[in-house]
Amino acid sequence: MSWLEPARIHESAEDRDLRESLGQLLGFSARSFFDVEPTSKMIALAEDLRREALRRRHTSRRKPVWMLLAAGLPLALAVSALGSWGFQHKQRADALTAAVAQKEVELQNMVKTAGERQVQGTQPTLISAPVVSAPVLAKNTTQHGKVKARPNGELVLEVKTYQSPSLDTQPVKGQ
Amino acid sequence: MQVLPKPETPFGDITQFHEAFATLYPRLVGYGRRYGAGYPEDIAQEAFVILMQREEPVEHPTAFLYGTVRTLALTERRPMKNQNLSLEVVLEPGKGPEAEEHLLHREVRERMQTLSPTFREALWLFVVEGLSIREISDILEIPEATVKTRIHRAKAQLKDQLNPSGGVHVLA
């Protein structure tokens, strides 16, 4: 038959032998099923089916590409708008974070420089403070306590030990 | 490079399609009936329409038809669009699928019934329907090697039935 498919025409000899041996096992006389002459009724039915297939092929047209694109356009626009909005917000947040970090650094620098200035401002007064001589000091301190001056100029302050009366004795009842 | 013209039908020109239809249609009806389809004629017709409707070429049209009939019969889906195209009035007495099955010996049918359904399916398509291994693999959606294995195992079971006392096993 002229319509037979290559898959069957080019069947290997091994497969043909296998089919023949199986046919013999089954007692089945292998006859050609593919030599059927089409009757007029069969041809009419075949034509009906072919026309039906053509009709379906023409009626069930695929939707054009532009229709699919048009249907997907709003969704694509919404997605892109959301994306750009999110991107802008992210950039703004990044800029704000960077500004805050820079401000913090500036503040730290300002605190540091202010501290250094304060230290530098107090040091000259300490350095330029007049050295009080021992006699003057002795003279000034005679009013408050005894001050002894050693020959080498060192000052010796008398230390008064403080004694709490409540800690020395403790009244015990019954003695 | 010469481009071959696209054939009018999956089987070639109109005449070749008529020949293919006359050959395959009764066999497809019988195949659908074997799967317990209530309306095997409608299913076979629907399979032809689906095949002809396709714009992309089908590599194995026969396998495609058998596979479609099998699927439609298994899903018990009755095609509603083609009810006016039944072949009940077209089939001539003695040429229907029942008559064709009667041509098989009762002994053959009994022997095949003893096989497991998996092996029986492959054996039926290979021997009785005369389809190639490749077509059967397309229909059953299994590899060609599996089809061959099933056929060889079916053959071994048949040999065991014929020679129950022993003998050389075909796969031994």
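Up top is the structure these notes are about.
Residues numbered from 1 in each chain as written. Chains lettered and ligands numbered in written order. Predicted model: local features only at pLDDT ≥ 70, side-chain atom pairs only at ≥ 80, totals over all residues. Heavy atoms only, no water.

**Q** Outline the overall build of chain B, supporting the account with residue identities and numerical values.
**A** Looking only at helices and strands, chain B has eight helices and zero strands in total. Going from the N terminus to the C terminus, chain B shows its helices and strands as α-α-α-α-α-α-α-α. Expressed as a percentage of the 172 residues in chain B, the buried residues total 49%. Sequence separation of at least 24 residues holds for 62% of the intrachain contacts in chain B that already meet a minimum separation of 6. (Helix = DSSP H or I, 4+ residues; strand = E, 2+ residues; numbered from the N terminus. Buried < 20%, exposed > 50% of the residue type's maximum accessible area, 1.4 Å probe, protein only. Contact = heavy atoms within 4.5 Å.)

**Q** Which residues make up the overall build of chain A, and what values go with them?
**A** Helix and strand content of chain A: six helices and two strands. Its helices and strands taken in sequence order, chain A reads α-α-α-α-α-β-β-α from the N to the C terminus. With 175 residues in all, chain A has 15% of them scored as buried. When the accessible area of chain A is evaluated, it comes to approximately 14700 Å², of which 61% is carbon and sulfur surface. (Areas by Shrake-Rupley, 256 points an atom, 1.4 Å probe, with all protein chains shown as cover.)

**Q** Which residues make up the environment of A:A53, and what are the values?
**A** Relative to the assigned elements, A:A53 resides in helix α3 (residues 40–59). If we ignore the near neighbours within four places in the chain, the residues touching A:A53 are B:V49, B:M52 and B:Q53.

**Q** Requested: an account of the packing of aromatic side chains, with residues and values cited.
**A** Across all of its chains, the model carries seven aromatic pairs over all chains by this definition. Ring centres 5.0 Å apart and planes at 65° place the aromatic pair B:Y31 and B:Y66 in the edge-to-face group. Of the two residues, B:Y31 sits in helix α1 (residues 14–34) while B:Y66 sits in helix α3 (residues 61–74), which places them 35 residues apart along the sequence. Across this residue pair, the class does not change: B:Y31 and B:Y66 are buried. Site record: aromatic cluster; members linked through ring pairs are B:F11, B:F17, B:F21, B:Y25 and B:F48. Seen from the ring of B:F126, A:R19 lies directly overhead, with NZ or CZ sitting 4.5 Å from the centre. (Phe/Tyr/Trp six-rings, centres within 6.5 Å; stacked < 30°, edge-to-face > 60°. Lys NZ or Arg CZ within 6 Å of the ring centre and 35° of its normal.)

**Q** Mind laying out the pattern of salt bridges, listing which residues take part and the relevant values?
**A** Tallied over the entire structure, the rule returns 10 salt bridges over all chains. Its salt-bridge partner being A:R50, residue A:E47 comes within 3.0 Å of it at the nearest N-O pair. Within this pair, A:E47 and its partner A:R50 are both found in helix α3, separated by three residues, close to a single helical turn. Accessibility classification places A:E47 together with A:R50 in one group, the buried group. B:R27 is paired through a salt bridge with B:E129; the nearest N and O atoms lie 3.0 Å apart. Of this pair, B:R27 sits in helix α1 while B:E129 is found in the loop between α6 (117–128) and α7 (133–140), placing the two residues 102 residues apart along the sequence. By relative accessible area, B:R27 is classed as buried at 4%. The class of B:E129 is buried, set by a relative accessible area of 4%. Within the structure, one salt-bridge network assembled from shared partners comprises A:E52, A:R55, A:R56 and B:E46. (Salt bridge = Lys/Arg side-chain N within 4 Å of Asp/Glu carboxyl O.)

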